[in-house]
Amino acid sequence: MRRSGQRITLKQSSLRDAQHARQRMNSGMPGRYIIWMAICLICLLLAGVLQIASARMQKQLLHERTAYEWDSEGGSAHISVYLTEAEKLSLLDSLEDQEYMILDLYYSLESELTENAITLSEDAADNARLIVYGYEAEGSVSIESDRTTITVKAYGVGGDFFQFHPLKLKYGSYFSGSDLMQDGILLDEEAAWQLFGSSDVVGKYVYIRDIPHLVVGVYERDRGYFYDAAGNDECTVYLSAQSLFDYGTYNGLQSIELLLPNPVSGYALNLVTEQLSGRDVAIVENENRFEWLNLVDIWKQAGTRSMGLTGIVFPYWENVARGYEDVLAGILLIQALLLAFVLVVAVVFLWRAWLHRKWRTRDLVSGLGDWWYEKGAQRQKKKNEKTKKSLVPLYC
């Protein structure tokens, strides 16, 4: 009997110890829950901050927002066409051949749009256009003033180039491909200071191979890590493609910019691609390049994207946009990992709550049935009261 009593006592002691251990474990659970919830909240906040940073980065690239500035309703697309070195060489000797290629593309696109019943509205302004285009060629020029002579990087532009690439003008204005005189030139502030000792030099003349060119504007060059790395870290001027071809070192047509109707997503891109099917070019639709699906595609190109197998030397603004694509793709990846972590923690919490629940499924079903029955009874009661009030008493 004594041994049996000892066994009972030991068993009760073991049960008490187990209960105490369970109570200690349960008492510690809320603290751990709070810690995990705090970590998840921090992850969500980080994802939100990264989203804000991503949106601000995209707004800095004015070149990528041309279509939205032109058509806020999203019915237009900005398409960039970049020529390979081989394609540039085939057009290098003749500026007329380059202009013919651009105009042929323009009129072919216009014809296709007209055939598809995409035209200007009847209330459109007289100077309205269905398609806007611009183009540029890179090279260099030696510029002379009364003070000194400098050799600088130059972009020879035509059409409505500055519609696609607005500069930070400090003084003056742009020139246009439709100007009667193609002798305008835009200097950056550094070039203006070297040539004249001042940046307020609009209206003065510089000379390129003894040919006078009118300074129509002075602009502030974009600076920063990406811009400097992309090739925008030296004195740069903009002049007409004709002047660069005639008086400077002309490296060939580099890019064509197009702004055209896009009634359905991808329509404009497909149309331009069809018209240039025989050309060795790269075509980019700028509006959609920072959407998350396109950024996911950049993940797939990891390791091969920077190999430069296309044979294209991009202008600095496209290099900057591609650099931003890489950064934004990295931000998207970090956001995905943060949100995936929060999702996993939430699933684990729900699973543990299910395992430690103090109710059964049939109790839940029974409770729902009772709740539904009570709701039905209340509805029936209200209906009976309404019927009783509608009865009119009759007196003899």
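Scroll up to find the structure.
Keep in mind it's a predicted model, so treat the numbers as computed, not measured.

Draft legend 1. Quick look at the overall build of the protein chain. In terms of helices and strands, the protein chain carries twelve helices and ten strands. Within the span of the protein chain, comprising 396 residues, buried residues form 36% of the whole. Excluding contacts between residues fewer than 6 apart, the proportion of contacts in the protein chain whose partners are at least 24 apart in sequence is 76%.

Draft legend 2. Main features of the packing of helix H10 (residues 292–300) against helix H11 (residues 316–355). At a minimum axis separation of 9 Å, H10 and H11 run at an interaxial angle of 95°. Here H10 is positioned roughly perpendicular relative to H11, judged by the angle of their axes. Of the residues in H11, those in contact with Trp-292, Leu-295, Val-296, Ile-298 and Trp-299 of H10 are Glu-325, Asp-326, Leu-328, Ala-329, Leu-332 and Leu-333. Looking at the contact of H10 with H11, its residues break down into nine nonpolar, no polar and two charged.

Draft legend 3. Summary view of the packing of helix H4 (residues 95–115) against helix H9 (residues 267–275). Running from amino to carboxyl end, H4 crosses H9 at an angle of 130°, the nearest separation of the two axes being 10 Å. Taken as axis vectors, H4 and H9 run oblique relative to one another. Judged by the twist between their axes, the crossing of H4 over H9 is right-handed. From H4, Leu-105, Ser-108, Leu-109, Glu-112 and Leu-113 reach across to H9, where they touch Tyr-267, Leu-271, Val-272 and Gln-275. The residue inventory of the contact of H4 with H9, partitioned by class, reads six nonpolar, two polar and one charged.

Draft legend 4. Spotlight on H9. Tyr-267, Ala-268, Leu-271 and Val-272 are the residues of H9 that are buried. One face of H9 carries all of its buried residues, which in axial projection span an arc of 125°. Against strand S1 (76–83), H4, strand S9 (249–261) and strand S10 (281–285) lie the buried residues of H9.

Draft legend 5. View of the side chain of Asp-188. You can see Asp-188 is positioned in strand S5 (residues 184–188). At 2.9 Å, the side chain of Asp-188 forms a polar contact with the backbone nitrogen of Thr-236. Each residue touching Asp-188, except ones within four places of it in the same chain, is listed here: Val-218, Tyr-219, Arg-221, Glu-234, Cys-235 and Thr-236.

Draft legend 6. Just the packing of aromatic side chains, in detail. Under the criterion given, the structure shown has 21 aromatic pairs. Ring centres 5.4 Å apart and planes at 85° place the aromatic pair Phe-162 and Phe-175 in the edge-to-face group. Placement of Phe-162 in helix H5 (residues 161–164) and of Phe-175 in the loop between strand S4 (168–172) and S5 is noted, with a sequence separation of 13 residues between them. Pairwise contacts between aromatic rings join Tyr-155, Phe-161, Phe-162, Tyr-174, Phe-175, Tyr-219, Tyr-227, Tyr-238, Tyr-316 and Trp-317 into one cluster.

Draft legend 7. A look at the nonpolar core. Among the nonpolar cores identified, the biggest contains 29 residues, and Val-157, Phe-162, Leu-186, Tyr-238, Tyr-316, Trp-317 and Val-320 are the most heavily contacted of them. Those elements that provide at least two residues to this core are strand S3 (149–159), H5, strand S7 (211–220), H10 and H11. Looking at this core, the element that brings in the most residues is H11, giving eight residues. Once residues lying within four places of it in the same chain are set aside, the contact partners of Tyr-316 are Tyr-155, Asp-222, Tyr-227, Ala-230, Gly-231, Asn-232 and Tyr-238.

Draft legend 8. Geometry of the side chain of His-78. One can find His-78 in strand S1. Judged by its relative accessible area of 0%, His-78 falls in the buried class. When residues no more than four places from it in sequence are discounted, the contact partners of His-78 are His-63, Thr-66, Ala-67, Phe-164, Glu-257, Leu-258, Leu-259, Val-284, Glu-285, Asn-286 and Glu-287.

Draft legend 9. Just the pairing of S7, in detail. Two strands pair when backbone bridges link them, and S4 and S7 are joined in this way by four bridges, in the antiparallel orientation. By the bridge assignment, Leu-169 is partnered in S7 with Tyr-219. Hairpin connection between strand S6 (residues 205–208) and S7: a loop of two residues separates the two successive antiparallel strands, and Arg-209 in this loop has a positive phi of roughly 55°.

Draft legend 10. Seen up close, a nonpolar patch on the surface. Where nonpolar side chains cluster on the molecular surface, the patch consists of Ile-35, Trp-36, Ile-39 and Phe-341 and spans about 350 Å² of accessible area. At three residues, helix H1 (residues 2–60) tops the list of elements feeding residues into the nonpolar patch. Inspection of the secondary structure puts Ile-39 in helix H1. According to the relative accessible area criterion, Ile-39 is partly exposed, its value standing at 33%.

Draft legend 11. Examining the pattern of salt bridges more closely. Applying the stated rule across the entire model yields ten salt bridges. Asp-222 is the salt-bridge partner of Lys-168, the closest N and O atoms lying 3.2 Å from each other. Pair noted here: Lys-168 is in strand S4 and Asp-222 is in the loop between S7 and helix H7 (225–229), with a separation of 54 residues, a long-range link. Take Lys-168: its relative accessible area is 46%, and that puts it in the partly exposed class. On the basis of relative accessible area, Asp-222 is assigned to the buried category, the value being 19%.

Draft legend 12. Broad picture of helix H6 (residues 189–196). Regarding H6, the residues found buried are Ala-191, Ala-192 and Leu-195. End-on, the buried residues of H6 take up no more than an arc of 100°, which puts them together on one face. Among the structural elements, strand S2 (132–144), S3, S5, S6, S7 and strand S8 (236–240) are those in contact with the buried residues of H6. Positioned one or two residues after H6, Gly-197 has a phi angle of 75°, which is positive.

Criteria and cut-off values
- Residues numbered from 1 in each chain as written.
- Predicted model: local features only at pLDDT ≥ 70, side-chain atom pairs only at ≥ 80, totals over all residues.
- Heavy atoms only, no water.
- Helix = DSSP H or I, 4+ residues; strand = E, 2+ residues; numbered from the N terminus.
- Buried < 20%, exposed > 50% of the residue type's maximum accessible area, 1.4 Å probe, protein only.
- Contact = heavy atoms within 4.5 Å.
- Axes fitted to C-alpha atoms, helices over the stretch in contact; angles between N-to-C directions.
- Parallel < 35°, antiparallel > 145°, perpendicular 65-115°, else oblique.
- Nonpolar A, V, L, I, M, F, W, Y, C, P; charged D, E, K, R; others polar.
- Left-handed = near helix turned anticlockwise from the far one by under 90°.
- Arc of directions from axis to C-beta.
- Polar contact = N/O pair within 3.5 Å; in protein donor to acceptor, adjacent residues only side chain to side chain.
- Phe/Tyr/Trp six-rings, centres within 6.5 Å; stacked < 30°, edge-to-face > 60°.
- Core = buried A, V, L, I, M, F, W, Y, C linked by side-chain atoms within 4.5 Å.
- Pairing = 2+ DSSP bridges.
- Patch = residues over 30% accessible without salt bridge, like charges linked within 9 Å, V, L, I, M, F, W, Y side chains within 5 Å.
- Areas by Shrake-Rupley, 256 points an atom, 1.4 Å probe, with all protein chains shown as cover.
- Salt bridge = Lys/Arg side-chain N within 4 Å of Asp/Glu carboxyl O.

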